[in-house]
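# A closer look at the structure
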Amino acid sequence: EVLNLNQTPVEYLSSKYQQRYPSHRLEEWRAVVGNYGIPSEYHLLPIATLSDGLKTRLVFCEISLQNPHLLLFDEPTNAADMEMIDSMAEAIKAFNGGVVVISHDFRLLQQITDEIWVVNKGLHIWDGDIRSYKASLKKTYGYKK
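All of the points below concern the structure found in this document. It should be emphasised that the depicted structure is a prediction, and the values quoted were computed from it without experimental measurement.

## Some words on the overall build of the protein chain
Within the protein chain, the regular secondary structure consists of six helices and four strands. Seen in sequence order, the protein chain has helices and strands lined up from the N terminus as α-α-α-β-α-β-α-β-β-α. The dimensions of the protein chain, computed from C-alpha atoms along their principal axes, are 55 × 30 × 20 Å. Put simply, the protein chain has 145 residues, and 37% of those count as buried. Taking as baseline every contact in the protein chain between residues at least 6 positions apart, the subset at least 24 positions apart corresponds to 55%. Distance from the positive charge centre (15 side chains) to the negative charge centre (18 side chains) of the protein chain: 7 Å.

As structure tokens, then:
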């Protein structure tokens, strides 16, 4: 929703951030876009031609240009397909700041978690990975197909 679909990824970012990064020329902007996993053949095509996953990567690229220290996500995968979830995971892993994700999407969580905080009658840090947490949920609440 925030992207100008008529611009290319390079045009979009350079038009918004050229004043912040005045030394960036075409090749520098292409490198910025490429760092977020957008293949070079898409750098100069209209954003409208990109898949949802590549658009997600472009949004994360734009967020990174704002130099945030912390990202907070509340159910970021609602209405996302598997490609978009995987792209989101790659972008989150590429981010150099802190990330807090509230999600029920184990596909995303399995790819990005370093630490799991469980909020249930208080807060505690789970001693294990996302798979062991999921197994615990199944054991406690029963398996649902």
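Alright, that's what it looks like, and here's the rest.
## Remarks on the pairing of strand S2 (residues 98-102)
Alignment of strand S1 (residues 70-74) against S2, held across five bridges, turns out to be parallel. Following the sheet pairing, Leu 70 is matched in S2 by Gly 98. Between the parallel elements S1 and S2, the chain passes through helix H4 (residues 82-94) in a crossover that is right-handed.

## Concerning H4
With 13 residues, H4 should cover 18 Å at 1.5 Å per step; its first-to-last C-alpha distance of 18 Å lies within 8% of that length. Looking only at H4, the buried set comprises Met 84, Ile 85, Ser 87, Met 88, Ala 89, Ala 91 and Ile 92. The inward-facing, buried residues of H4 abut helix H3 (52-65), S1, S2 and helix H5 (106-112).

## Describing a nonpolar patch on the surface
On the surface, Leu 70, Leu 72, Val 100 and Ile 102 cluster together into a nonpolar patch covering about 390 Å² of accessible area. Elements supplying a minimum of two residues to the nonpolar patch: S1 and S2. The topology assignment puts Leu 72 in strand S1. Looking at Leu 72, the relative accessible area reads 64%, which means it is exposed.

## Side note on unusual backbone geometry
Even without glycine at this site, Asn 67 takes up a positive phi of about 55°. Among the structural elements, Asn 67 can be located in the loop between H3 and S1.

## Notes on the packing of aromatic side chains
Overall, the coordinates contain three aromatic pairs when judged by the stated rule. On the numbers, 6.1 Å between centres and 90° between planes, the contact of Tyr 21 with Trp 29 is edge-to-face. Among the residues examined, Tyr 21 registers a relative accessible area of 19% and is labelled buried. Overall, the relative accessible area of 2% leaves Trp 29 in the buried class. Relative to Tyr 133, the ring of Trp 126 lies with its centre 5.2 Å away and its plane at 70°, an arrangement referred to as edge-to-face. Taking relative accessible area as the criterion, Tyr 133 reaches 18% and is therefore assigned buried.

## Brief notes about the layout of surface pockets
Approximately 1,000 Å³ is the volume attributed to the largest pocket. Lining of the largest pocket is provided by 32 residues; of these, Val 101, Leu 109, Glu 115, Ile 116 and Trp 117 occupy positions nearest its centre. Elements represented by at least two residues in the lining of the largest pocket include exactly H4, S2, H5, strand S3 (117-119) and helix H6 (130-141). The biggest single contributor to the lining of the largest pocket is H6, with six residues.

The rules behind each value
Residues numbered from 1 in each chain as written. Predicted model: local features only at pLDDT ≥ 70, side-chain atom pairs only at ≥ 80, totals over all residues. Heavy atoms only, no water. Helix = DSSP H or I, 4+ residues; strand = E, 2+ residues; numbered from the N terminus. Buried < 20%, exposed > 50% of the residue type's maximum accessible area, 1.4 Å probe, protein only. Contact = heavy atoms within 4.5 Å. Lys, Arg positive; Asp, Glu negative; His and termini not counted. Charge placed at Lys NZ, Arg CZ, Asp CG, Glu CD. Pairing = 2+ DSSP bridges. Right-handed = clockwise from strand over helix to strand, strands pointing away. Expected span 1.5 Å × (residues − 1). Patch = residues over 30% accessible without salt bridge, like charges linked within 9 Å, V, L, I, M, F, W, Y side chains within 5 Å. Areas by Shrake-Rupley, 256 points an atom, 1.4 Å probe, with all protein chains shown as cover. Salt bridge = Lys/Arg side-chain N within 4 Å of Asp/Glu carboxyl O. Phe/Tyr/Trp six-rings, centres within 6.5 Å; stacked < 30°, edge-to-face > 60°. 1 Å grid on protein atoms, 1.4 Å probe; cavity = no way out; pocket = protein on both sides within 12 Å on 5 of 7 lines; lining within 4 Å. Points joined across faces, edges and corners; volume = space filled by probe spheres on them.

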